[in-house]
Amino acid sequence: MSKYLLDKFLFTVDRDPALVERYRDDPAGTVTWWEAEEANRILNCTTDEKSTWLAFTDEERDVLVRQDHVRLFEMGAHPFLTLTLFIAMFERDHGPLEYQIAYGKAMEHITLPYPDIAT
Amino acid sequence: MAQVVAVIASTHHPFYYRASTSTGADRPPFADEWVSKIETFRETLTRARPDVLVMVGSDHFHQLWLDNMPQFLVGKAPHYDANWHNEEREFGLPRMTLAGEEDLSQHILRNGLDAGFDLAFSNELRIDHSITCPIITLRPEHDLPIVPIYTNIFAPPLPQPKRFVELGRTIRRLVESWPDDRRVAIIGTGHLSLELGGPRQFGPHGPDPDFDRKAVDWIARGDLEDCLAEVTLDSLHTPGNATHGFMDFMLMMGVAGDGVAADHVDSLDLFHTMEAYFTWYPEGALA
């Protein structure tokens, strides 16, 4: 399992407004495209110098396609990245703070210690 | 030599800008009290008549990323653009450009390295709300040159709390040995108990009001002995999953000095998190 690659997906999608919309509208297509084209891109390097070894596990791919923020937390994805991206995608469908409160409530069964987020 | 004329520590709440500038039905009920406390806090910096600001904060996965993550980083650039797309999107923060004080950056880097801190540096740094929030609250004109210093409180493995304290002590010594006659304020922001993206987020108070009360007391009294005896990398998970940002408060206690009580202490209990504001005036600072 690669917490790093989950985080890299969340990070690179969050900072690109068009990708945020694309992931909101077409999660499966966006995850497939991202893994094929972007997962191995080293962010500070040219495309000729990309990595060769990064890929999602089936579970990681599935949780991103289902946009399951609870499971992402349980898998150790960085909570700040998940929260920021999911607010960008879904807050607009709710009243003030309603989405953020529901987001936490969906995780109320999770107790300390939380999953390790070290990559 | 330069004079440290104020040491300031606070939380960096990204909602302040929108709350304080909103009007009518959009203005939250707590905004007036919050603005009043911030204006009082701002006056504590204004009174010190600073020429230069050293700003301690933490990048929130904006420019610093997991493929290349420094623990402590000093900006050395003539200008710093500020705030990022997702901070505009979520918090309504404005884009800004601040001037840099490169000579002090160079002094801190050279002498920090020689003092045992292997500081990373950046010649092109776009700063985020951990530094622009205190600019907005304390110096909204953003007319003074800055030296930004980033710490990693965000992407484990993190440095130990005692290392943050020691860096704070070192920054104080380094600023006071800068061969320049300007007045320098050292400002840093962190968190009290905070949960982001977990089950305890966005509650009616911070996730751990008991920790917050204890933390405010440690900072107000400059009680590094008790604070260091109790706070560990493991213990900071308990008050909330983003509470490691408290280590930036510990850094600022190191800047202020062991056992030195703050001259201004204030706090505000908000939903999601407690706000807290502290100012120390070194001896002779207001002369």
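A quick note: this is a predicted structure, and the numbers were derived from the prediction, not measured. (Residues numbered from 1 in each chain as written. Chains lettered and ligands numbered in written order. Predicted model: local features only at pLDDT ≥ 70, side-chain atom pairs only at ≥ 80, totals over all residues.)

Q: Looking at this structure, how should I read the interface of chain A and chain B?
A: Note: interface size is frequently given as the accessible area lost on complex formation between the parts. Taken together, the contact pairs 30 residues of chain A with 21 residues of chain B. Mapped by element, the contributors of at least two residues to the side of chain A that touches chain B are α1 (3-14), α6 (79-90) and α7 (98-105) of chain A. With 8 residues, α6(A) is the single largest residue contributor to the side of chain A that touches chain B. Considering only residue class, the side of chain A that touches chain B consists of 21 nonpolar, 5 polar and 4 charged. (Contact = placed C-beta atoms within 7 Å. Helix = DSSP H or I, 4+ residues; strand = E, 2+ residues; numbered from the N terminus. Nonpolar A, V, L, I, M, F, W, Y, C, P; charged D, E, K, R; others polar.)

Q: What's the story with the sheet that holds strand β8 (residues 183-190) of chain B in this structure? I'm lost.
A: In any sheet, the strands associate via hydrogen bonds between backbone groups, in a parallel or an antiparallel arrangement. Residue and element names in this part refer to chain B. Spatial strand order, β6-β3-β7-β2-β8-β1-β10-β9: 8 strands in an open sheet with mixed pairing. Both outer strands of the open sheet, β6 (120-122) and β9 (264-269), are each paired with one neighbouring strand and no more. In this sheet, adjacent strand axes meet at a mean angle of 15° when their direction is disregarded. Against the sheet, helix α9 (residues 246-256) engages β1 (3-11), β2 (52-57), β7 (146-151), β8 and β10 (274-280), with an angle of about 155° to β8. (Pairing = 2+ DSSP bridges. Axes fitted to C-alpha atoms, helices over the stretch in contact; angles between N-to-C directions.)

Q: Help me understand the packing of helix α3 (residues 27-37) of chain A against helix α4 (residues 58-66) of chain A, please; the structure alone is not making it clear to me.
A: Residue and element names in this part refer to chain A. Close contact between α3 and α4 brings their axes to 8 Å; oriented N to C, the two are set at 140°. Taken as axis vectors, α3 and α4 run oblique relative to one another. The hand of the α3/α4 crossing is right-handed. Here Pro27, Ala28, Val31 and Glu35 of α3 come into contact with α4, specifically with Arg61, Leu64 and Val65. Looking at the contact of α3 with α4 residue by residue, the classes come out as 5 nonpolar, no polar and 2 charged. (Parallel < 35°, antiparallel > 145°, perpendicular 65-115°, else oblique. Left-handed = near helix turned anticlockwise from the far one by under 90°.)

Q: Honestly, the nonpolar core in this entry has me stumped. Any pointers?
A: The nonpolar side chains of a soluble globular protein tend to be buried with one another. Residues and elements named next belong to chain B. In terms of nonpolar packing, the biggest core is built from 109 residues, with Val54, Ala185, Ile186 and Met250 touching the most fellow members. Examining the composition of this core, we find that 9 residues originate from one element, α9, more than from any other. For valine 54, the residues in contact, after removing those within four places along its chain, are Val147, Ile149, Ile171, Val175, Val184, Ile186 and Ile187. (Core = buried A, V, L, I, M, F, W, Y, C linked by C-beta atoms within 7 Å. Buried ≥ 20, exposed ≤ 12 C-beta atoms within 10 Å, placed from the backbone.)

Q: Please clarify how the pairing of strand β3 (residues 72-75) of chain B should be interpreted in this entry.
A: Along any regular strand the residues' side chains alternate between the sheet's two faces. Residues and elements named next belong to chain B. Residues Phe72 and Val74 point to one face of β3 and Leu73 and Gly75 to the other, with burial holding for every one of them. Pairing geometry for β3 and β7, over 3 bridges, is antiparallel. Bridge assignment links valine 74 to a residue of β7, and that residue is isoleucine 149. Pairing between β3 and β6: 3 bridges, direction parallel. Bridge pairing links valine 74 to phenylalanine 121 in β6.

Q: Got a minute to help me understand unusual backbone geometry in this structure?
A: Most peptide bonds are trans, and most residues other than glycine sit at a negative phi. Cis rather than trans, the peptide bond between Leu112(A) and Pro113(A) has omega equal to -5°. As for its position among the elements, Pro113(A) is in the segment after α7. The omega torsion across Pro156(B) and Pro157(B) is 10°, close enough to zero to call that bond cis. As for its position among the elements, Pro157(B) is in the loop between β7 and α6 (161-176). In this structure, Phe61(B) is a non-glycine residue whose phi angle is positive, near 50°. Summarising the element assignment, Phe61(B) is placed in the loop between β2 and β3. A tally of 22 C-beta atoms within 10 Å means that Phe61(B) is categorised as buried. Even without a glycine there, the phi angle at His142(B) is positive, about 35°.

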